[in-house]
Amino acid sequence: MELNCNCIEPHLPPDDLLMKYQYISDFFIALAYFSIPLELIYFVKKSAVFPYRWVLVQFGAFIVLCGATHLINLWTFTIHSRTVAMVMTTAKVLTAVVSCATALMLVHIIPDLLSVKTRELFLKNKAAELDREMGLIRTQEETGRHVRMLTHEIRSTLDRHTILKTTLVELGRTLGLEECALWMPTRTGLELQLSYTLRQQNPVGYTVPIHLPVINQVFSSSRAVKISPNCPLARLRPAGKYMPGEVVAVRVPLLHLTNFQINDWPELSTKRYALMVLMLPSDSARQWHVHELELVEVVADQVAVALSHAAILEESMRARDLLMEQNVALDLARREAETAIRARNDFLAVMNHEMRTPMHAIIALSSLLQETELTPEQRLMVETILKSSNLLATLINDVLDLSRLEDGSLQLDVATFNLYAVFREVLNLIKPIPSVKKLHVSLNLAPDLPEFAIGDDKRLMQTILNVVGNAVKFSKEGSISITAFVAKPESLRDPRAPEFFPVPSDNHFYLRVQVKDSGSGISPQDIPKLFTKFAQNQAPTRNSGGSGLGLAICKRFVNLMDGHIWIESEGLGKGCTAIFIVKLGIPERWNESKIPFMPKASTNHGQTAFPGLKVLVMDENGVSRMVTKGLLVHLGCDVTMVSSIEECLRVVSHEHKVVLMDVCVPGMDGYEIAVRIHEKFPKRHERPLIVALTGNTDKVTKENCMRVGMDGVILKPVSLDKMRSVLSDLLEHRVLFEAI
Amino acid sequence: MALAALKTQLKNFVQSMFDEGVLDSQFSQIQALQDASNPNFVEEVITLFCNDAERIITELNKYLGYQNVDFGKLDSYVHQLKGSSSSIGAHRLKLACVNLRQASDDRSKDGCLRALNSITREYCLLCSKFQTLIQLERNIIALERNH
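Residues numbered from 1 in each chain as written. Chains lettered and ligands numbered in written order. Predicted model: local features only at pLDDT ≥ 70, side-chain atom pairs only at ≥ 80, totals over all residues. Heavy atoms only, no water.

With an unreviewed UniProt entry as reference, chain B is termed Histidine-containing phosphotransfer protein, source organism Corchorus capsularis.

Taking an unreviewed UniProt entry as the reference, chain A is identified by name as Ethylene receptor belonging to Corchorus capsularis. The UniProt entry for chain A carries this comment under Sequence similarities (unreviewed entry): "Belongs to the ethylene receptor family." UniProt's Subcellular location (unreviewed entry) comment on chain A is quoted here verbatim: "Endoplasmic reticulum membrane". (UniProt positions renumbered as here; feature names shortened; annotations may be inferred.)

Take a look at the structure:
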């Protein structure tokens, strides 16, 4: 033993067999211990997400140190120095430390590792569950897609056959059906008839009675119902050798237009249903799944809606066609009516003209004859001819007037006239006949009746003449009294004419005329017929030769004058009284002196008819300006000429009484002046009268002139006489819209 | 006597113009306006008209000579000429203006040129007759003054 080398001896000799085995084991252990960390490092590197790196490092360190220990142990089998022993000891100490630390660490992490396994199991379960749900959703989504597609197909057409056919085809395709059929209720509603099938081309009308229990069962539920393949509804295919597939039936409500109220949604209490039968293929073991049934129900509803749309469309198309036909018929009728009216008007116009011309000749020549030297007998004869032809002319006028009255185109010629003179004239005209018949005619004009009135004197005279004439015509003996007075407001209301509301006012009064005769009278039930045109009383007492127009025309005239006419009679043989009330205007005081009951006095033909009248002439055309000036100067006016709008507005003043302006320049410039002049002279009495000279005779020009506030329109070229009469009318009336 | 003969000649001349349709009744209105206070009215009107018409016809020729005819301006000039012709009673000239107006509305340059030619013809005819008329009138006035 060499103790002075400070070596440590191993316990057993190194050549011992046990020592050898220990040596080899230590070696392999060390090898393993060194290789495990390497493997671990390799694996850790491979898996990037391993969470326990620190543990592995610890473990690695532990193993490495163990390996180091065992490795160093190899040297201790032989004699080794103290250094080796020191190293050995250090290694062991470190190993001890690390392994204790690792042991402690493991205590912490083993529960985690265990729970990982639990979590993994849990996740696996969850994944399986989600898979199942996903499968369900996918099926549902697929169903939804099918429904959408089906609906799109069904709703893309409005033709009912196409809708139904498409439904069957698409359902067949989507669900892989063997057969799909639609049973529709017949007209009587007692049977269901096979209307459409998928496979068979032309279903011959199989029918089943509607009151089968299975059908009731299907109709009473809004869901798809499984039915037996043996029931008559499903016996559509020749019986096969194998088991027929499952059959499902669903109701399809046939909604009617009346089901749709505005405020309610359609209730499916409608009695009419169709039935859709779907058969799965016979030899497959397929069953109806819930989602397929849902699909079928949804489709059935969609079909119902699509059918109702188709029905509504058919209905509206039919209504439209009907309306169009009616329109055409109405149009035709209107055109015919218009043609008829035109034809009548033409006829009347022509006849009138033809009749008037000779009448005119007779009247004119007779009046001329009156002016010549005649013996008294001749004079009387000529006067009679004149009077008769006047009456005949009146009759011709009647016919024309009546048609114009009916068209509504008649307008009253309103002017101031002498009321008393009208009555006197009527009396004069009618006098011969009562004197022959020995009738006594008396006229009573109330003292408060104004002498002058404003109205249509000719038509008023015609009315009075007609009424008085009737009285004379239908009286064989006795007397006729004519009274005229101003009607008081209380007495104006006639209970027989509730729509007649006379409104007295300051510048109007109501003239009431009563013509009482003691003639044959009229029975009360005939009175309403009197005013109907062409209707004559057929009673033998009144065999007149009149045309039956007279009273009808009078009534229309009286209505035009805002009045009312009626006849009272107590019965046959008791005479009758004709009464009418018309509205007349009251002229202002100062007009009384100028009343032309004589024809309008022709204006003086003196050279200077309008001395010193200041007139402003505006015309862009030099030549026509000069001519107009010449005209006016000839008439004695003081003329100022301007050639443009601006100049006109600059020069016009309240001294100018009349402004004559040319407005036939293309464009509207001339009208602006009128507006500006109105603005410049807001007070009426300061403003000059504005008159337009134009070459256009159309209504539009006239309307435009009236619209901008002009006082008159004259058509160019203007003659001297026309200018003279225009100026005099203008100054007298302050308005002139006739000189076209 | 020469004065009476001249007056008759004038009357016949004017009547011939009426008969040919060169003038219409408007011209007689203008003649009626000539009186003691306005002795040269007819001559003044005629002179004014001839100058005005000549100016307008020149303008019309100018405008129709352009490549792109301004029918709007054309229309307004024709309107003026028509107005002047109606005022003086130049009947045929007025009708020719109506034709030009129509051609201008139709936007037909050829039609306008043709119408303008006829206007020019009528105008020349009218103006020369007017010159004769004025000369006659002046002779009458001179004779009257000398008496």
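Anyway, onward from the coordinates.
This part is about the overall build of chain B. A tally of helices and strands in chain B yields 6 helices and 0 strands. Secondary structure elements in chain B, listed N-terminal to C-terminal, are α-α-α-α-α-α. Taking all 147 residues of chain B together, 45% fall into the buried category. Carbon and sulfur atoms form 49% of the exposed surface of chain B, whose accessible area is close to 7,500 Å². (Helix = DSSP H or I, 4+ residues; strand = E, 2+ residues; numbered from the N terminus. Buried < 20%, exposed > 50% of the residue type's maximum accessible area, 1.4 Å probe, protein only. Areas by Shrake-Rupley, 256 points an atom, 1.4 Å probe, with all protein chains shown as cover.)

Here the focus is the UniProt feature "modified residue: Phosphohistidine" (unreviewed entry) in chain B. Residue and element names in this part refer to chain B. Per the UniProt record, the feature "modified residue: Phosphohistidine" (unreviewed entry) sits at His79. In this structure, His79 sits in helix α4 (residues 71-88). Look at His79 and you get buried, because its relative accessible area is 15%.

All names here are of chain A. The 6 strands lie next to each other as β3-β2-β1-β6-β5-β4, forming an open sheet whose pairing is antiparallel. Two strands bound the open sheet, and with one partner strand each, they are β3 (207-209) and β4 (225-227). Mean inter-strand twist for the sheet, computed between neighbouring axes without regard to direction, equals 30°. Sheet contacts for helix α6 (residues 290-371): β5 (247-253) and β6 (273-279); angle to β5, the most-contacted strand, approximately 25°. (Pairing = 2+ DSSP bridges. Axes fitted to C-alpha atoms, helices over the stretch in contact; angles between N-to-C directions. Contact = heavy atoms within 4.5 Å.)

Sheets are built from strands that pair by backbone hydrogen bonding, the pairs being arranged parallel or antiparallel. Residue and element names in this part refer to chain A. If you trace the 5 strands from one edge of the open sheet to the other, you get β15-β14-β16-β17-β18, paired in parallel fashion. Single-partner strands in this sheet number two, and they are β15 (638-642) and β18 (712-715). Taken pair by pair, the neighbouring strands of this sheet meet at an average axis angle of 20°, ignoring direction. The pairing of strand β16 (residues 658-662) with strand β17 (residues 689-694) spans 5 bridges and is parallel. In the sheet register, Met661 faces β17, and the bridge partner there is Ala692. In this fold helix α13 (residues 622-634) packs onto β14 (614-618), β15, β16 and β17, with an angle of close to 170° to the strand it touches most, β15.

Turning next to the nonpolar core. Counting 72 residues, the largest nonpolar core has Leu660 of chain A together with Phe49, Ile88 and Phe130 of chain B as the members making the most contacts within it. In this structure, Ile480, Ile553, Met561 and Val582 of chain A belong to the second largest nonpolar core, which totals 42 residues. (Core = buried A, V, L, I, M, F, W, Y, C linked by side-chain atoms within 4.5 Å.)

The subject of this paragraph is the interface of chain A and chain B. Contacts between chain A and chain B engage 17 residues on the former and 22 residues on the latter. Both sides of the chain A and chain B interface together cover about 1,500 Å² of buried area, and 68% of this is carbon and sulfur. Contact with chain B buries area across many residues of chain A, yet Val623, Met626 and Val627 of chain A alone supply 37% of it, more than any other trio. The tally of links between chain A and chain B comes to 0 salt bridges. Inspection of the chain A/chain B interface yields 0 residue pairs in polar contact (both at pLDDT 80 or more). For the side of chain A that touches chain B, the element with the highest residue contribution is α13 of chain A, accounting for 9 residues. Residue classes in the side of chain A that touches chain B are distributed as 11 nonpolar, 6 polar and no charged. (Buried area = accessible area lost by both parts, 1.4 Å probe. Salt bridge = Lys/Arg side-chain N within 4 Å of Asp/Glu carboxyl O. Polar contact = N/O pair within 3.5 Å; in protein donor to acceptor, adjacent residues only side chain to side chain. Nonpolar A, V, L, I, M, F, W, Y, C, P; charged D, E, K, R; others polar.)

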